[in-house]
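The residues making up each chain are set out below.
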Protein chains: 2
Amino acid sequence: METTPLNPSRRRLLAGSAGALAAAGLGATGIARAADPAPKPAASAAKPLPPYAAWKDADSLIVHSANTIETRRSAFGDGVVTPSRQLYVRNNLPPPDAAILDDRDAWKVEILGVKHPRTLTVGELKTLGMETLATVLQCSGNGRRFFPHKPSGTQWEVGAAGCVIWTGVPVRALVDYLGGLDGTPTYMTGTGGEVLPEGLDPKSLLVERSVPREAMQDAMLAWEMNSEPLTLAHGAPLRLIVPGYTGVNNVKYLKRLAFTVEQSPAKIQQTSYRLTPMDAKSGPDQPSVWTMEPKSWITAPGADGKAVKAGRAIVRGVAFGGMHAVKHVDVSIDGGKTWKRAALIGPDLGKYAWRQFALPVELSAGQHMLVSRVEDTEGNVQVEKRFDNLRGYVNNSWRDHGLAINVS
Amino acid sequence: METTPLNPSRRRLLAGSAGALAAAGLGATGIARAADPAPKPAASAAKPLPPYAAWKDADSLIVHSANTIETRRSAFGDGVVTPSRQLYVRNNLPPPDAAILDDRDAWKVEILGVKHPRTLTVGELKTLGMETLATVLQCSGNGRRFFPHKPSGTQWEVGAAGCVIWTGVPVRALVDYLGGLDGTPTYMTGTGGEVLPEGLDPKSLLVERSVPREAMQDAMLAWEMNSEPLTLAHGAPLRLIVPGYTGVNNVKYLKRLAFTVEQSPAKIQQTSYRLTPMDAKSGPDQPSVWTMEPKSWITAPGADGKAVKAGRAIVRGVAFGGMHAVKHVDVSIDGGKTWKRAALIGPDLGKYAWRQFALPVELSAGQHMLVSRVEDTEGNVQVEKRFDNLRGYVNNSWRDHGLAINVS
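Residues numbered from 1 in each chain as written. Chains lettered and ligands numbered in written order. Predicted model: local features only at pLDDT ≥ 70, side-chain atom pairs only at ≥ 80, totals over all residues. Heavy atoms only, no water.

### Re the relation of the copies chain A and chain B
Step number 1: Mapping chain A onto chain B leaves a residual RMSD of 0.0 Å; the transformation is a rotation of 180 degrees accompanied by 0.0 Å of translation along its axis. The operation mapping one copy onto its partner corresponds to a two-fold rotation axis. The rotation axis passes nearest to the C-alpha of A:Leu349 in chain A, at a distance of 3.5 Å. (Least-squares fit on C-alpha atoms with pLDDT ≥ 70 in both.)

This is the structure in structure tokens:
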């Protein structure tokens, strides 16, 4: 049995090609299956995990490249927290040398834009305060594969995301300790400690991201993920966590945190990670990719490629609001024609975490398109259609993320 | 720097022995250090992990034997959930052959004492309902090392415990599906699927435990732990989870669940795991080791054996109520003379989970005895003194679990 994501736009795109349609095995039932004739990443020959992520669970992952590793849709499990070994990886540059972990507490971070700017070690940070917080970590490009215009970049499906528990010092506590903010900066800007290749304009490579200053309220500098010391793959020794904001804003190997009037001049801020309409040019006049929107997807049954038997089954998945808590999730097994409210199950880890949902259903033999749609506590509903944008960011279309299963 | 648990009773026991006192380095400061001249398990030569647990993180663990593996006090982390790789293991018998995992969904469990008794596969169970629940899993003998009479059995310190997220079918849903209970059974009895050696009385070895029937309300049959399929080390393919009850009651490799009028005739029920006073004989007239009592311990700073610097530090640890949620935790850095209320931090995973707590303190140079004391929402307070019992079960004395640190 094949399970593939629904992509009606691509189906339309391909509708002129009888060959492609035949290759995708679209039947007369009208039940949609993804009509992508290209090999699925999940099915392509497995690339090895890169050395810095060799400790991960290869069976749960799709290795797109040494710096882009995706969690399989079937590998999230039903325990709310994504195990570290299954969590996706996306690095904008190769990680620093592992030697930076020889003495984690000695790592230095410079704090600017406060009344008493200074450089602190991680060891010092650990005495200033401690909080533990669950957040959805999601790459800005998660779901890119479902854009019909095939934007460049990693062709993530659902798995450039996870729900993770961070421990560190709240940015608020740190700022208080340094006398408060200096003036009224507009942005909080984090700078990564990756080593930049020589001979190139640093601004073209530097991983430095600015987010609106108010994001500091719930942000933290984290040294631990899922109860273990941070790993190099995920930003050790110190990572900026900006709850509700896409992955790139959660700067790894953090060497500077500055409260600034302007956004970073780095390319990654000025022109990359912009929500640029299809007919426009990426640049600072386009919206930056910052906060996440309501999104959910089905993880079972059938995502593991195993045959689904007709009869009673429990459809389940994950749902999050981005900046607000999940209010409820509706599930459809007929591609969105009819909906039923799913139960939210498992512990609630807070508004920035995802919730699991489950709905018992009776599955008849044949093909079914499973989709889910989340609404947050502010009334924001997951959209049916993605916002098409040049680089394929923040796809949260419920239709794009459907799971086609074959029940026998 | 050495960090050792406080054990005043043992100190008294040893008070006649000048040699033992000198060996323990008790100074004139009056600050207690554990006066146990025996080698600490944590410091003894490392035994290798057994093959079925070879995937665990050896650095975080103390291997007492192939079937008893403890988490180091310094290895719990601050992220609420204990990672599977760090979680303790305690098997009453060697685990079954790993071949039982070749087809997890085919594993069978017999359900008795219901209106329509029958045998179900794990695959069927997965269609009946699903819940996710965090519980403290704690071996009945956790803290045994602090009993002054040196009871036989594994000399666990704090680390035969963890906070884990389980996914499975609620026992309630299963019983409903089978027509409800047959009559009014007094107990819920789970039977493990370990292979028993031939030629011995099965009752002397069978892992079969009975708990009061009302425990079924929150119990589940679990196939997943921490978002991953259960491992052989932790009871795969199916484990009975009885929230609030000590580890032994959470029967692994579950092959039968029966609602019964009598307790199991197995030795593990009849004479083992009884809270037998020092001057009595273990047997069915003594209380069975069932529910857990309020307990907490400090995990940092200093538990990792690293030097603690004078000045500001954040004392932290874990606390649980057993059957009720944590109300608050008090912390003392002077061995219980003065107390301050700690903050509960991190996500609350429900009343059967543990909470993390944190208290910022100023540590002066010298020795400090860090202790914590939890109170649950019903007003039950963690006791100062353990209940001395023959086999050294359920030690929840806050004094026994103190952490002595040397600040320089």
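### Some thoughts on the pairing of strand β9 (residues 208-212) of chain A
All names here are of chain A.
Step number 1: With five of five residues buried, β9 lies mostly within the body of the structure.
Step number 2: Summarising the sheet, strand β8 (residues 187-192) and β9 pair through five bridges and their orientation is antiparallel. The partner of Gly190 across the bridge, within β9, is Arg209. (Buried < 20%, exposed > 50% of the residue type's maximum accessible area, 1.4 Å probe, protein only. Helix = DSSP H or I, 4+ residues; strand = E, 2+ residues; numbered from the N terminus. Pairing = 2+ DSSP bridges.)

### A look at the interface of chain A and chain B
Step number 1: At the interface, 31 residues of chain A touch 31 residues of chain B.
Step number 2: In total, chain A and chain B occlude about 2600 Å² of area from one another, counting both sides; carbon and sulfur atoms represent 56% of this.
Step number 3: There are two salt bridges connecting chain A and chain B.
Step number 4: Here B:Arg85 ties to A:Glu228 by a salt bridge, and the two come within 3.5 Å at their closest N and O atoms.
Step number 5: Listing elements by their share of the side of chain A that touches chain B, those giving two or more residues are β6 (131-138), β7 (161-170) and β15 (311-320) of chain A.
Step number 6: Broken down by element, the side of chain A that touches chain B gets its largest block of residues, three residues, from β15(A). (Contact = heavy atoms within 4.5 Å. Buried area = accessible area lost by both parts, 1.4 Å probe. Salt bridge = Lys/Arg side-chain N within 4 Å of Asp/Glu carboxyl O.)

### Let's talk about the packing of aromatic side chains
Step number 1: On inspection of all chains with the given rule, the structure shows 18 aromatic pairs over all chains.
Step number 2: For the pair A:Trp339 and A:Trp398, a centre-to-centre distance of 4.9 Å together with 90 degrees between the ring planes defines the contact as edge-to-face. With A:Trp339 in the loop between β16 (326-332) and β17 (340-341) and A:Trp398 in the loop between β20 (366-376) and β21 (403-407), this pair connects stretches of sequence that are 59 residues apart.
Step number 3: The exposure class assigned to A:Trp339 is partly exposed, which follows from its relative accessible area of 23%.
Step number 4: Between the aromatic rings of B:Tyr88 and B:Trp156, the centroid separation amounts to 6.2 Å while the plane-to-plane angle is 80 degrees, which identifies the pairing as edge-to-face. Taken together, the positions of B:Tyr88 in the loop between β2 (68-71) and β3 (89-90) and B:Trp156 in the loop between β6 (131-138) and β7 (161-170) put the pair 68 residues apart, joining distant regions of the chain. Each member of the pair, B:Tyr88 as well as B:Trp156, carries the same accessibility label: buried.
Step number 5: Across the ring face of A:Trp339, the terminal group of A:Arg373 is positioned such that the distance to the ring centre comes to 4.0 Å.
Step number 6: Sitting above the plane of the B:Phe147 ring, B:Arg386 keeps its charged end 5.8 Å from the centroid. (Phe/Tyr/Trp six-rings, centres within 6.5 Å; stacked < 30°, edge-to-face > 60°. Lys NZ or Arg CZ within 6 Å of the ring centre and 35° of its normal.)

### Comments concerning the pairing of strand β10 (residues 220-225) of chain B
Consecutive residues of a regular strand have side chains that alternate between opposite faces of the sheet.
Residues and elements named next belong to chain B.
Step number 1: Counting buried residues along β10, six of its six residues qualify, which places the element largely inside the surrounding structure.
Step number 2: Summarising the sheet, β10 and strand β12 (residues 239-241) pair through three bridges and their orientation is antiparallel. Paired with Leu221 across the bridge in β12 is Leu240.
Step number 3: As paired strands, β10 and strand β11 (residues 228-229) are joined by two bridges and run antiparallel to one another. For Met225, the partnering residue across the bridge sits in β11 and is Glu228.

### Examining the environment of A:Ala66
Residue and element names in this part refer to chain A.
Step number 1: Here Ala66 shows up in the loop between β1 (61-65) and β2 (68-71).
Step number 2: Judged by relative accessible area, which is 43%, Ala66 ranks as partly exposed.
Step number 3: Separated by 15 residues in the primary sequence, Ala66 and Pro51 have C-alpha atoms spaced 8.7 Å apart.
Step number 4: When neighbours within four sequence positions are excluded, Ala66 is seen to be in contact with Pro50 and Tyr52.

### Re the confidence of the model for chain A
Residue and element names in this part refer to chain A.
Step number 1: Overall, the predicted model of chain A reaches an average pLDDT of 90, with 89% of residues at or above 70.
Step number 2: Below pLDDT 50 for its whole length, residues 1-43 participates in 89 contacts with residues either more than four positions away or in separate chains.
Step number 3: Reported confidence for the predicted complex is 0.88 by ipTM and 0.89 by pTM. (pLDDT = per-residue confidence, 0-100.)

### Some remarks on the pattern of salt bridges
Residues and elements named next belong to chain B.
Step number 1: In this structure the tally under the stated criterion is 30 salt bridges over all chains.
Step number 2: Measuring nitrogen to oxygen at the nearest pair gives 2.8 Å for the salt bridge that ties Asp105 to Lys126. Highlighted residues: Asp105 in the loop between β3 and β4 (108-112) and Lys126 in the loop between α3 (122-125) and β6, separated in sequence by 21 residues.
Step number 3: Overall, the relative accessible area of 33% leaves Asp105 in the partly exposed class.

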